[in-house]
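Next come the chains, spelled out residue by residue.
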Amino acid sequence: MEGRDARGHYEELAAEYDEHWVYGPDYIPWMSGRITEALRLGPMDRIADIGSGTGLFAREVAKQLQPRHPILCVDPSEAMLGQLGSPPPADLTPVVASAEEIAEGRTGLPYEQLDAMWLKESVHHVADPAHTLRGLAERLAPGGRLLVVMLPATIRYPLFEAALARFEELQPDPAVIEGHLRAAGLEAGLSYVEHELRIDRDKYLGMVRARYMSLLSTFSDNEIEKGIEEMRVAHPEPVLVFPDRFAFVLGRRDGESA
């Protein structure tokens, strides 16, 4: 999904997004901790969550980190950012903009340079990842870090077969993203983290019906219902247990000033 289609999907889902997206109580703290660790975040860092949505991870990172500068929650959807609250928490600053607008300097940021930024499962919405990641890299301070968190090329989710096949069609290869960061002049590396998910089957079916993954919005209501029936047959167990594996593509700008 790209541009307007993705934006429309999240505008419609915003009010219920957190309810449908959170697998369980441990997931957000776990992932936020991995992001903080990978980026080696410190309280004085100027940080941006690019494609933050409702700020699920930025909120938790801020809670863990107690940053001196508010974390920038950057997202093109005003409805998603609206879930931060009015006013938003003091340690979070919403910025209505796409990754492309930040990369190309069409939308300014409160900080002239950033010490760290992450894109959590949003790079697949970017039409030209090489161009956009290069532009984001240029906004890093010397020694700044950019982390792309994304699903691998294949996943082991208990989805229906057509959805899994479409995921593989749409999902970028993490190794290609690593190459883009290197081409942008960053020292880059690729690693993986894994978290076991345990979720009530009926809750997960409800998440699929709500199209919690953007790729599910490419299916009609009828196709979704047929897919859910397929899932019921394939997974009669009341609790689904499956691995959630993520690629962490980390780039670092040279520490020397230009």
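A. Inspection of the side chain of arginine 211 at higher detail. By the element assignment, arginine 211 lies in the loop between α10 (201–209) and α11 (221–234). A polar atom in the side chain of arginine 211 sits 2.8 Å from the side chain of aspartate 221.

B. Inspection of the side chain of aspartate 75 at higher detail. Along the polypeptide, aspartate 75 turns up in strand β2 (residues 71–75). Aspartate 75 sits in the buried class, given a relative accessible area of 9%. There is a polar contact of 2.9 Å between the side chain of aspartate 75 and the backbone nitrogen of serine 77. Residues in contact with aspartate 75, not counting those within four places in the same chain, are Gly51, Ser52, Gly53, Met80, Leu81, Val95, Val96 and Ala97.

C. Layout of helix α7 (residues 129–137). Considered for burial, the residues of α7 that qualify are Pro129, Thr132, Leu133, Gly135, Leu136 and Ala137. Looking at the packing, one finds that the buried side of α7 touches α6 (99–103), β4 (114–120), β5 (140–150) and α9 (174–183).

D. Up close: the nonpolar core. Grouped together as the largest cluster of nonpolar side chains are 50 residues, with contacts concentrated most on Trp118, Tyr204, Met213 and Leu216. The next biggest cluster of nonpolar side chains, apart from the first, holds 29 residues, and it includes Ala48, Leu72, Ala99 and Ala188.

E. Structural context of the pairing of β2. β2 sits mainly inside the fold: five of its five residues count as buried. The alternating pattern of β2 places Ile71, Cys73 and Asp75 and Leu72 and Val74 on opposite faces, both of which are buried. In this sheet, β2 lies alongside strand β1 (residues 47–50) in parallel orientation, the contact comprising three bridges. Along β2, the bridge assignment pairs aspartate 49 with cysteine 73. Each parallel crossover has a hand, and the one from β1 via helix α4 (residues 56–65) to β2 is right-handed.

F. Here's a closer look at the pattern of salt bridges. For the structure shown, the criterion picks out 12 salt bridges. Between glutamate 104 and arginine 106 there is a salt bridge, with the nearest N and O atoms lying 2.8 Å from each other. Arginine 245 is the salt-bridge partner of glutamate 194, the closest N and O atoms lying 3.9 Å from each other. Here the residue glutamate 194 occupies a position in strand β6 (residues 187–200), and arginine 245 occupies one in strand β7 (residues 239–252), the gap between them amounting to 51 residues. With a relative accessible area of 48%, glutamate 194 lands in the partly exposed category. Given the relative accessible area of 37%, arginine 245 is considered partly exposed.

G. Quick look at α9. Within the span of α9, buried status applies to Pro174, Ile177, Glu178, His180 and Leu181. Considered in projection along α9, the buried side chains sweep an arc of 155° and stay on one side of the axis. Lining the buried residues of α9 we find α7, β5, β6 and β7. The N-capping residue of α9, defined by a side-chain oxygen 2.9 Å from the backbone nitrogen of alanine 175, is aspartate 173.

Rules and cut-offs
Residues numbered from 1 in each chain as written. Predicted model: local features only at pLDDT ≥ 70, side-chain atom pairs only at ≥ 80, totals over all residues. Heavy atoms only, no water. Helix = DSSP H or I, 4+ residues; strand = E, 2+ residues; numbered from the N terminus. Polar contact = N/O pair within 3.5 Å; in protein donor to acceptor, adjacent residues only side chain to side chain. Buried < 20%, exposed > 50% of the residue type's maximum accessible area, 1.4 Å probe, protein only. Contact = heavy atoms within 4.5 Å. Core = buried A, V, L, I, M, F, W, Y, C linked by side-chain atoms within 4.5 Å. Pairing = 2+ DSSP bridges. Right-handed = clockwise from strand over helix to strand, strands pointing away. Salt bridge = Lys/Arg side-chain N within 4 Å of Asp/Glu carboxyl O. Arc of directions from axis to C-beta.

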